[in-house]
Amino acid sequence: MNAFTRSITDFLIRNTQKNVEDIYEVNDPVQRQGFAYLEAWMSIIGNVVLAIVKFVFGFMLNSISLIADAVHTASDVLTSLVVILGFKLSSLPADEKHPHGHGRIEFIATLVIAIMLIIVGVKFGFSSYERLKANTPVQGSYLVVGVMLLAALLKELMSQISIDLGQRISSGTLIADAWHHRTDAIASVLVAIAILASGFGYYKVDAILGFGVSALIIWTGMEIFSDSASKLIGETNQEDIAAIEQLALSVSGVADAHDIAIHDYGNSKHVVMHIEVDEKLTVIEAHSIAERVEHMVNQNMWVTTTVHVDRVGSSS
Ligand SMILES: [Zn+2]
Ligand SMILES: [Zn+2]
Ligand SMILES: [Zn+2]
């Protein structure tokens, strides 16, 4: 992320979030939710303001492209509402039916936004095909082009802030929403190109570029979708496993650690692992080693750990 975007994100966080120790890496569920709401509200306010500006200029300049673009921008509020709903529901406490909490709803929200992204990509493809077939000029003044490009710039900035926030709380939901913003920016640029190229008698430039954009959006949507689906299925992060193993081995009395499993429930992660200790230890001693390992892993990895104790050499 570039320094300019990062400084804006820092500014937004400092003015809206309280008591965040490290604003670049957030694991606490409540603080993650705060960051997600920040992204969603920034997006909603940004989109509403941009849509109004586009509508006003669209009517003033009598530009159908600007009005159509305004409708697109206004509809982007929908994905940000999915972000809010997703994080609200995923923060529900555990209940009898869902003893591990509802954190994985975040992954479902990401799937929903990814599907919406793919639909936008397909629509891009269709409208590009229509433009190619029609072979007609897009009317518009340089002022319309200027408004379009300025709006695209702002929307790209919103997209980058969303990606930045998403990376800080490692949330695919925010990254997916960010890509939605980016598609709107690209759409505005394409219309600007269409108007400019039409002025020179080229009526198909935006259509051809549109096909490329369509493929890019569909590809990105599918990537975000499969990423989130993989997390829902339950993927293993080898780096985390290795880190947990090292933490366990750093506790004195632990000869080995194995069978480490991480169950990721979105805003809570459960670790189950085995350690090997000297068989001559008393139960009290072995138990206190196990507890030290649990504390060590819990504090460093933001997880809840359960340790099973084996005697050295028996990896059962
Ligand atoms: Zn439930
Ligand atoms: Zn215990
Ligand atoms: Zn074992």
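Scroll up a little and you will see the structure.
Residues numbered from 1 in each chain as written. Chains lettered and ligands numbered in written order. Predicted model: local features only at pLDDT ≥ 70, side-chain atom pairs only at ≥ 80, totals over all residues. Heavy atoms only, no water.

Here we come to the sheet that holds strand β1 (residues 256-264). Pairing is mixed across the open sheet formed by three strands, whose spatial order is β1-β2-β3. Each end of this open sheet is capped by a strand with a single partner; those strands are β1 and β3 (304-311). In this sheet, adjacent strand axes meet at a mean angle of 15 degrees when their direction is disregarded. Pairing analysis gives seven bridges linking β1 to strand β2 (residues 269-277), with the strands arranged antiparallel. Bridge pairing in β2 links H263 to H270. (Pairing = 2+ DSSP bridges. Helix = DSSP H or I, 4+ residues; strand = E, 2+ residues; numbered from the N terminus. Axes fitted to C-alpha atoms, helices over the stretch in contact; angles between N-to-C directions.)

With that settled, the discussion passes to the coordination of the zinc ion (ligand 1). Distances from the zinc ion (ligand 1) to its protein donors, D95 (OD), H98 (ND1) and H102 (NE2), fall within 1.8 to 2.3 Å. Spacing between the donor residues of the zinc ion (ligand 1) along their common chain follows D-x2-H-x3-H. Here D95 falls in the partly exposed class, since its relative accessible area comes to 35%. (Donors = N, O, S within 2.8 Å, 3.2 Å for Na, K, Ca; no water. Buried < 20%, exposed > 50% of the residue type's maximum accessible area, 1.4 Å probe, protein only.)

The next point concerns the layout of surface pockets. A volume near 1000 Å³ is recorded for the largest pocket. Along the wall of the largest pocket there are 39 residues; nearest its centre are S170, K231, D240, D264 and K269. Broken down by secondary-structure element, the contributors of at least two residues to the lining of the largest pocket are α5 (105-134), α6 (142-168), α7 (172-199), α8 (205-233), α9 (238-249), β1 and α10 (283-301). Take the lining of the largest pocket: its biggest share by element is five residues, from α8. A per-class count over the lining of the largest pocket returns 10 nonpolar, 17 polar and 12 charged. The residue makeup of the lining of the largest pocket includes at least three contributed by each of domain 1 (3-233) and domain 2 (238-311). One number sums up the size of the second largest pocket: a volume of about 890 Å³. The wall of the second largest pocket is formed by 31 residues, among which D69, H72, S127, A187 and V191 lie closest to the centre. Counting residues per element, the ones that place at least two in the lining of the second largest pocket are α3 (64-75), α4 (77-90), α5, α7 and α8. Class assignment for the residues of the lining of the second largest pocket results in 14 nonpolar, 12 polar and five charged. (1 Å grid on protein atoms, 1.4 Å probe; cavity = no way out; pocket = protein on both sides within 12 Å on 5 of 7 lines; lining within 4 Å. Points joined across faces, edges and corners; volume = space filled by probe spheres on them. Nonpolar A, V, L, I, M, F, W, Y, C, P; charged D, E, K, R; others polar. Domains from an automatic or database assignment.)

Moving on: the pairing of β2. Inspection of the sheet shows β2 paired to β3 by eight bridges, in the parallel sense. Among the inter-strand pairings, I275 is bridged to a residue of β3, identified as V309. Handedness of the crossover joining β2 and β3 through α10: right-handed. (Right-handed = clockwise from strand over helix to strand, strands pointing away.)

A separate point is the packing of helix α2 (residues 29-60) against α6. Interaxial distance between α2 and α6 falls to 10 Å at its minimum, and their mutual angle equals 175 degrees. One way to sum up the angle between α2 and α6 is to call them roughly antiparallel. Between α2, through F35, L38, E39, M42, S43, G46, N47, L50, K54 and F57, and α6, the contact on the second element is made entirely by V147, A151, L154, K155, M158, I161, S162, L165 and R168. Residue classes in the contact of α2 with α6 are distributed as 11 nonpolar, four polar and four charged. (Parallel < 35°, antiparallel > 145°, perpendicular 65-115°, else oblique. Contact = heavy atoms within 4.5 Å.)

Any link to function would need more than the numbers given here.
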